[in-house]
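Understanding the architecture of this molecule
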Amino acid sequence: MALRAALSLPSALSVHKEGKASVSFRESIHFVSTATAKDCRKRDLSVGTIRAQTATAAPSVDEATSQQKKTLRKGTVIVTGASSGLGLATAKALADTGEWHVIMACRNFLKAEKAAKSVGIVKENYTVMHLDLASLDSIRQFADTFRRSGRPLDVLVCNAAVYLPTAKAPTFTAEGFELSVGTNHLGHFLLARLLLDDLKQSDFRTKRLIIVGSITGNTNTLAGNVPPKANLGDLRGLSGGLNGVNSSPMIDGGEFDGAKAYKDSKVCNMLTMQEFHRRYHEETGITFASLYPGCIATTGLFREHIPLFRLLFPPFQKYITKGYVSEEEAGKRLAQVVSDPSLEKSGVYWSWNNNSSSFENQLSKEASDAEKARKLWEVSEKLVGLA
Ligand code: NDP
Ligand code: PMR
């Protein structure tokens, strides 16, 4: 009964202490290339030139060496919100392969550095860069800083999120968007749009844009039917600027509800991935994907929830719904979506079954509504200053 109450009842209490991310990882450090980013760029350019000139001829010694070097170059992956939970576990899983350099795009620089050290990510395999998704200026600055670093971009993972289930009133981003949708959707929307050209230029073996979704935004599931349910309506609140002053802070124009705002933001994430796929996959060859990594009930996502919820949620998911997954396992799943050749298909919402094998999942009616996705895209680009 207590469990049910904690899992279903909102509370006036809110917890500001961070949930502990207890991640235990197998230490496996592989070969690490020590080439600088500039070296990578130079090499890639030369590979491109040689390829174009010798399209039908047998490979020259130079070309063979360049091709070899090209496959040896590490991929560069940006992971937003890599300072805890899923983002950190994914950064660790990717860095440990020795094949990836992870840009940890985080709002708290020091926390991210400490987190990387605490899970043992080797220094050569990551760089922390500042990114606050609740500020459009910060996002633009991040894109500039990343470009100035000289690294190519091969994969972008839009992972960061906030969840404010106990908030009684809305809070806002620097530009005055309700914080959950502003951070989880609008911030990532601008970031992904700004970095699309960089992704296009990648000549790595794979180039991907991944936006983390969730089961709770999908009303074709039991989890997605726990109230309050996601519903974007006709986007009237979003069209009005989501600012709570001359428009509602909720996408559908309704009263503020923090849990619903999060679930709505996840629907936006899944719609955005599909709209990217429709607009750009054929032209660019970029793989666009979303996923539900499983219920990672121990992460910092629940830091604002009441203590009883945080106590009971992990055993509830472990023993009752059986939807629980550890941070380490979830990190491996997202790392697969980043890197695994068998998950190259674009436009897919990935999920995993109980024996941890991936499958293409079905999205709810709303989360696969192409017309809504197009409208969401157009309204979002106006709000973030792209149109
Ligand atoms: P965490 O709270 O552990 O991680 C969220 C990350 O987002 C943190 O690194 C946090 O930074 C960062 N973040 C929050 N706001 C901003 C901002 N304004 N700018 C930059 N970074 C920000 O949660 P999870 O690991 O659980 O969540 C990761 C993703 O997984 C989310 O997209 C979530 O929706 C999704 N997901 C989670 C599930 C779960 O069961 N936990 C289930 C399904 C999907 P900081 O460390 O500074 O707070
Ligand atoms: Mg849910 C198979 C059942 C299932 C799964 C996989 C989840 C995942 N949840 C399930 C069922 C239920 N949940 C049921 C039956 C209840 C009512 C007791 C329930 C309740 C519940 C609450 C109160 N669940 C929650 C909450 C949250 O606050 C979490 C949330 O909605 O955050 C937005 C949550 C979650 N349940 C999940 C997952 C993955 C979450 C985390 C949120 C997310 O990132 O989507």
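Use the structure listed above.
Our subject in this report is the structure included herewith. Remember, it's a predicted structure, so these values are computed and weren't measured experimentally.

**Quick notes on the overall build of the protein**
Secondary structure summary: the protein contains twelve helices and eight strands in total. When the 387 residues of the protein are sorted by exposure, 55% land in the buried category. Of the contacts made within the protein by residues no fewer than 6 positions apart, 75% connect residues no fewer than 24 positions apart. Of the roughly 17,200 Å² that the protein leaves accessible, carbon and sulfur atoms contribute 55%.

**Some remarks on the packing of aromatic side chains**
Following the criterion strictly, the structure yields eleven aromatic pairs and no others. Residues Tyr 163 and Phe 302 carry aromatic rings whose centres are separated by 6.1 Å and whose planes lie at 90° to one another, so their mutual orientation is edge-to-face. Taken together, the residues span a long stretch of sequence, with Tyr 163 in the loop between β4 (155–158) and α7 (179–200) and Phe 302 in the loop between β6 (287–291) and α10 (307–321) at a distance of 139 residues. For Tyr 163, a relative accessible area of 13% corresponds to the buried category.

**Observations regarding the sheet that holds strand β1 (residues 75–80)**
The strand order across the open sheet formed by eight strands is β3-β2-β1-β4-β5-β6-β7-β8, and the pairing between neighbours is mixed. Each edge of the sheet is formed by a strand with only one pairing partner; in this case those strands are β3 (126–130) and β8 (358–360). This sheet shows a mean twist of 25° between the axes of neighbouring strands, independent of strand direction. Alignment of strand β5 (residues 208–212) against β6, held across five bridges, turns out to be parallel. Its bridge partner lying in β6, Val 212 is registered against Leu 291. Together, β1, β2 (100–106) and β5 form the strand contacts of helix α4 (residues 85–96), whose direction differs from that of β2 by roughly 160°. Of the strands in this sheet, β1, β4, β5 and β6 touch α7, which is tilted by about 175° from β4.

**Here we look at the environment of Gly 323**
Structurally, Gly 323 is set in the loop between α10 and α11 (327–339). Overall, the relative accessible area of 26% leaves Gly 323 in the partly exposed class. Leaving out residues up to four positions away in the same chain, Gly 323 has contacts with Tyr 292, Gly 294, Cys 295 and Gln 317.

**What about the packing of α7 against helix α9 (residues 258–284)?**
Where α7 meets α9, the closest approach of the two axes is 8 Å, and the angle between their N-to-C directions is 15°. What the angle tells us is that α7 and α9 run roughly parallel. In the packing of α7 onto α9, the handedness of the crossing is right-handed. Two secondary-structure elements touch here, α7 through Ser 180, Val 181, Asn 184, His 185, Phe 189, Ala 192, Arg 193, Leu 196 and Lys 200 and α9 through Gly 258, Ala 261, Tyr 262, Ser 265, Cys 268, Asn 269, Thr 272, Phe 276, Tyr 280, Glu 283 and Thr 284. Residues of the contact of α7 with α9, tallied by class, amount to nine nonpolar, eight polar and three charged.

**Notes on the site of ligand 1**
Neighbouring ligand 1 are 31 residues; Ser 84, Lys 111, Asn 159, Tyr 262 and Thr 299 lie closest to it. For ligand 1, an oxygen atom lies 2.6 Å from a polar atom in the side chain of Ser 84. Contact between ligand 1 and Lys 266: an oxygen atom at 2.8 Å from a side-chain N or O atom of the residue. Here ligand 1 has 900 Å² of accessible area as a free molecule, and 97% of this is covered by the chains. At the level of secondary structure, the elements contributing two or more residues to the shell around ligand 1 comprise α4 and α9. Looking at the shell around ligand 1 residue by residue, the class counts come to 15 nonpolar, eleven polar and five charged.

**Comments concerning the pattern of salt bridges**
One pass over the structure, following the stated rule, counts 21 salt bridges. Where Arg 374 meets Glu 371, a salt bridge forms, and the shortest distance between an N and an O atom there is 2.3 Å. Here the residue Arg 374 and the residue Glu 371 both occupy positions in helix α12 (residues 370–383), the gap between them amounting to three residues, near one helical turn. Using a relative accessible area of 45% as the deciding quantity, one classes Glu 371 as partly exposed. Overlapping salt bridges bring together Arg 73, Asp 154 and Asp 203 as one network.

**Things to note about the nonpolar core**
Counting residues in hydrophobic clusters, the biggest one holds 62 residues, and the most contacted among them are Ile 78, Phe 142, Leu 156, Leu 195, Leu 209, Leu 238 and Phe 276. Sorting the residues of this core by element identifies β2, α6 (136–148), β4, α7, β5, α9, α10 and α12 as the ones contributing at least two each. Examining the composition of this core, we find that ten residues originate from one element, α7, more than from any other. Dropping the residues within four chain positions of it, Leu 238 is found in contact with Val 181, Leu 186, Met 250, Ile 251, Leu 376, Val 379, Ser 380 and Leu 383. Counting residues in hydrophobic clusters, the runner-up holds 38 residues, among them Leu 88, Val 102, Ala 112 and Leu 343.

**Some words on α11**
Because each turn of an α-helix spans 3.6 residues, side chains separated by three or four positions in sequence point in the same direction. Taking 1.5 Å per residue as the helical rise, α11 with its 13 residues ought to reach 18 Å, and the 18 Å between its terminal C-alpha atoms agrees with that figure. The set of residues buried in α11 consists of Glu 327, Ala 330, Gly 331, Arg 333, Leu 334, Ala 335, Val 337, Val 338 and Ser 339.

About the criteria used
Residues numbered from 1 in each chain as written. Chains lettered and ligands numbered in written order. Predicted model: local features only at pLDDT ≥ 70, side-chain atom pairs only at ≥ 80, totals over all residues. Heavy atoms only, no water. Helix = DSSP H or I, 4+ residues; strand = E, 2+ residues; numbered from the N terminus. Buried < 20%, exposed > 50% of the residue type's maximum accessible area, 1.4 Å probe, protein only. Contact = heavy atoms within 4.5 Å. Areas by Shrake-Rupley, 256 points an atom, 1.4 Å probe, with all protein chains shown as cover. Phe/Tyr/Trp six-rings, centres within 6.5 Å; stacked < 30°, edge-to-face > 60°. Pairing = 2+ DSSP bridges. Axes fitted to C-alpha atoms, helices over the stretch in contact; angles between N-to-C directions. Parallel < 35°, antiparallel > 145°, perpendicular 65-115°, else oblique. Left-handed = near helix turned anticlockwise from the far one by under 90°. Nonpolar A, V, L, I, M, F, W, Y, C, P; charged D, E, K, R; others polar. Near = heavy atom within 4 Å. Polar contact = N/O pair within 3.5 Å; in protein donor to acceptor, adjacent residues only side chain to side chain. Salt bridge = Lys/Arg side-chain N within 4 Å of Asp/Glu carboxyl O. Core = buried A, V, L, I, M, F, W, Y, C linked by side-chain atoms within 4.5 Å. Expected span 1.5 Å × (residues − 1).

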